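A closer look at the structure
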Amino acid sequence: MQRRIALSLMLLMVFLGTTAVSTSATTLTYANFPPAPTFPCVQMERWADEVEKRTDGALTIETFPGGTLLGAKQIWRGVQYGQADIGCISLAYQPGLFPLMSVMELPLGLPSAETASTLMWDLFTSYSPEEFDKVKVLTMFTSAPSNIMSKKPLPDLASLQGVELRGSGTASRILEALGATPVSMPMPDTPQALQKGVVQGLFSSLEVLKDLNFAAYCQHVTRTDLQVYPFAVIMNKRVWEDLPESTKKILNELGPEQAAWTGRYMDNHVQKALAWAQKEHGLTTHALSATALEAVQPKLDKLIEEWVQDASAKGLPAKAVLRDISARLDKAEA
Ligand code: 3IO
């Protein structure tokens, strides 16, 4: 009897094995956390379209924007457990998990999303940080530089004192350095926090004025352009290993391309969103004075020093990474 069961099980496995090989189309799920009109989801749809085109439909992607499959802080582990095959994460939402790539959150003055995104991808491929060993990284990109969006004008350091502003990760530490009171939360929680008055504004890239309609609440922008938010798109490692070599090749080629595409989209979209917010909501833009920025600089330098200490203590080549970034920025300016 037991042998018969064993035999049928074997036959069933052979049968399942052949069907898996003979059906050429695979569908994978892709979890994303913010609403569909935002840039992480726009890049997701573009990536899904490119994958379907380039694999001639052998691989199709079912996308889940707005946290409909997994929430902002569930995606990192959810993809590893196989609750989603692919997921998009904002590194700032889980401080401490990414000791090397969190360098991208520092106040380095990265000038644009395109420069920052291609830089991030290059750093990732040249250092292959262990923190991503349990997943397959499909692409990386960043937001455009963060600025303060607020209900009231916050044109100088005095006006920023103690104002509750939403940030996340190192961005929250930067808000602290500016004298504000950071309230950390993922982007999808921010609309409600603004509406309820839990925060008086936020610190992120300016396209959300339009994409999340924040211009309806925040008619003031204070430019800082100090830092960006880094993102990673990850795939379950077993799912990756089961893909045919030809598909793997296509996805690998798409990695750096997608980073640059997303950066360019982001930079252009910020300009459109700003023009829209000025026209529709009378957005006013302020800038911190050179004196104010100079006064804050020692605190910003300290954030960078702390990152170096922390990363070095973990055996990571922190100084080399910062040197690579400086070299890239010098080249971008030249
Ligand atoms: C971001 C996150 C979700 C949707 C749009 C966005 N624009 C910039 C970000 C960066 C980020 O992760 C954040 O939380 O500010």
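Heads up: the structure comes first, above all this text.
Below: a short report on this structure. Sequence positions are assigned chain by chain, starting from 1 and proceeding in written order. Residue-level local features of this predicted model are given only where pLDDT is at least 70; pairs of side-chain atoms are given and counted only at 80 or more, and the full residue set underlies all totals for whole chains, interfaces and linings. Here the side-chain values reflect all heavy atoms present in the structure, with hydrogen atoms and water set aside.

Remarks on the overall build of the chain
For the chain, the count of helices and strands is twelve helices and eleven strands. In terms of C-alpha radius of gyration, the chain reaches 22 Å, essentially the compact-globule figure of 20 Å for 334 residues. In terms of overall dimensions, the chain has a C-alpha envelope of 80 × 45 × 40 Å along the principal axes. Looking at the chain residue by residue over its 334 residues, the buried ones come to 51%. Note on definitions: a residue-residue contact is assigned when non-hydrogen atoms from the two residues lie within 4.5 Å. Contacts spanning at least 24 positions in sequence make up 74% of the contacts within the chain whose residues lie at least 6 apart. We treat Lys and Arg as the positive residues and Asp and Glu as the negative residues; His and chain ends play no part in the count. Charged side chains are reduced to one point each, which is NZ for Lys, CZ for Arg, CG for Asp and CD for Glu. With 30 positive and 35 negative side-chain charges, the chain shows a separation of 4 Å between the mean positions of the two kinds. Per the convention used, a helix needs a DSSP run of H or I reaching at least four residues, while a strand needs a run of E reaching at least two, with both numbered from the N terminus. A radius of gyration in this sense is built from C-alpha atoms; the matching globule rule multiplies 2.2 Å by the number of residues raised to 0.38. A simple rule labels every residue: compare its accessible area, found with a 1.4 Å probe on the protein chains alone, to the largest value its type can have, and call it buried under 20%, exposed over 50%, or partly exposed in between.

Some remarks on the nonpolar core
Core analysis: the biggest nonpolar cluster contains 106 residues, and Met 101, Phe 132 and Ile 325 have the highest contact counts within it. Excluding its chain neighbours within four sequence positions, the residues that come into contact with Phe 132 are Trp 76, Ile 89, Leu 91, Phe 98, Met 101, Phe 124, Val 137, Met 140, Ala 232 and Ile 234. By convention a nonpolar core is built from buried Ala, Val, Leu, Ile, Met, Phe, Trp, Tyr and Cys residues, the set being connected through side-chain atoms within 4.5 Å.

Thoughts on the site of the ligand
By convention in these notes, a residue is near a molecule or strand provided one of its non-hydrogen atoms lies within 4 Å of it. Around the ligand lies a shell of 16 residues, among which Ser 90, Tyr 93, Arg 166, Ser 204 and Glu 207 are the nearest. Arg 166 places a side-chain nitrogen or oxygen 2.5 Å from an oxygen atom of the ligand. A distance of 2.7 Å separates a nitrogen atom of the ligand from a polar atom in the side chain of Glu 207. Method for areas: the Shrake-Rupley scheme with a 1.4 Å probe, in which residue coverage is limited to the protein chains shown. Coverage of the ligand by the protein amounts to 100% of the 350 Å² it exposes when considered alone. Split by residue class, the shell around the ligand holds nine nonpolar, five polar and two charged. Polar contact is defined as a pair of N or O atoms within 3.5 Å, subject to the rule that within protein one atom must be able to donate a hydrogen and the other to accept it, and that residues adjacent in sequence are counted only when both atoms are side-chain atoms. Here the term charged refers only to Asp, Glu, Lys and Arg, the term nonpolar to Ala, Val, Leu, Ile, Met, Phe, Trp, Tyr, Cys and Pro, and the term polar to all other amino acids, Gly among them.

A look at unusual backbone geometry
Look at Ser 128: it is not a glycine, yet its phi comes out positive at around 35 degrees. Within the secondary structure layout, Ser 128 lies in the loop between α4 (113-127) and β4 (135-142). The phi torsion at Asn 213 lies on the positive side, around 55 degrees, for a residue other than glycine. Looking at the secondary structure, you find Asn 213 in the loop between α8 (208-211) and β9 (220-223).

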